[in-house]
Amino acid sequence: MKIYIMLLLSIISFSACANKNAFDDFNITKKQALSVEQIQSSKMKNANSVTGIVTALYLNNVDKKEFHGDEYFYVSLFIQGSKSEDIQFLLNSKKPLQVKTLTNTNRFTKLTSLNAAWLKYYLVTFNKVEGNLKLQIKDNNNSSRLLLFKNLELIK
């Protein structure tokens, strides 16, 4: 009898968890949950040494109502010894339409949970691209990183 009661209690305990996902216990919005899926972070490298870090969020897949028509990326970046004017952004080898420098407390901070005064923040806009998106970040000191994103509108 004790075995059956313990088995029944175990089944009830584990079945209560079955309908939950990782975001149920956190107070986050749908946009924040989507941004977790769309964010990419990587090290910036110059030859064999690490020179910085980059985090990029493809905004078109996070908020399709606001970010459509062009390709929008929110980028936070630190490259040792580089100035903002040294940074180059390319999407599929094409230059951006606009690069807007942001403060560390901007409207995208909640989406990435990054808020450090030593990082540089950018909203980068490119012309619309068909197919896979290859975001390349470079500086004048030969540090670079290539991040690959998929446009969810093209996946059916």
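Worth saying up front: this structure is predicted, and the values here are computed from it rather than measured. (Residues numbered from 1 in each chain as written. Predicted model: local features only at pLDDT ≥ 70, side-chain atom pairs only at ≥ 80, totals over all residues. Heavy atoms only, no water.)

1. A short note on the pattern of salt bridges
Should their charged atoms come close, side chains of opposite charge can pair.
Phase 1 of the analysis: What the rule picks out here adds up to 2 salt bridges.
Phase 2 of the analysis: Two residues, Arg107 and Glu66, come together in a salt bridge whose shortest N-O distance is 2.6 Å. Note that Arg107 is positioned in the loop between β5 (98–102) and α3 (109–112) and Glu66 in the loop between β2 (49–58) and β3 (71–79), a separation of 41 residues in sequence.
Phase 3 of the analysis: Among the residues examined, Arg107 registers a relative accessible area of 52% and is labelled exposed.
Phase 4 of the analysis: Take Glu66: its relative accessible area is 37%, and that puts it in the partly exposed class.
Phase 5 of the analysis: The partner of Lys128 in a salt bridge is Glu71, with the nearest N and O atoms 3.6 Å apart. (Salt bridge = Lys/Arg side-chain N within 4 Å of Asp/Glu carboxyl O. Helix = DSSP H or I, 4+ residues; strand = E, 2+ residues; numbered from the N terminus. Buried < 20%, exposed > 50% of the residue type's maximum accessible area, 1.4 Å probe, protein only.)

2. Looking at the packing of aromatic side chains
Phase 1 of the analysis: Under the defined criterion, the tally for this structure stands at 10 aromatic pairs.
Phase 2 of the analysis: Between Tyr58 and Phe73, the ring centres sit 5.1 Å apart and the planes meet at 35°, which makes this aromatic pair tilted. Here the residue Tyr58 occupies a position in strand β2, and Phe73 occupies one in strand β3, the gap between them amounting to 15 residues.
Phase 3 of the analysis: A relative accessible area of 0% means that Tyr58 is categorised as buried.
Phase 4 of the analysis: You can call Phe73 buried: its relative accessible area is 0%.
Phase 5 of the analysis: Plain terms: the ring middles of Tyr74 and Phe108 are 5.0 Å apart, the flat faces sit at 35° to each other, and that makes the pair tilted. On the criterion of sequence distance, the pair formed by Tyr74 in strand β3 and Phe108 in the loop between β5 and α3 is long-range, its members being 34 residues apart. Accessibility classification places Tyr74 together with Phe108 in one group, the buried group.
Phase 6 of the analysis: Through a chain of ring-to-ring contacts, three or more aromatic side chains come together here, namely Phe67, Tyr72, Tyr74, Phe108 and Tyr121. (Phe/Tyr/Trp six-rings, centres within 6.5 Å; stacked < 30°, edge-to-face > 60°.)

3. Focus on unusual backbone geometry
Phase 1 of the analysis: Positive phi, close to 50°, is recorded for Asn92, a residue that is not glycine.
Phase 2 of the analysis: With respect to the secondary-structure elements, Asn92 resides in the loop between β4 (88–91) and β5.
Phase 3 of the analysis: By relative accessible area, Asn92 is classed as partly exposed at 26%.
Phase 4 of the analysis: In this structure, Ser93 takes a positive phi of about 70° despite not being glycine.
Phase 5 of the analysis: Along the polypeptide, Ser93 turns up in the loop between β4 and β5.

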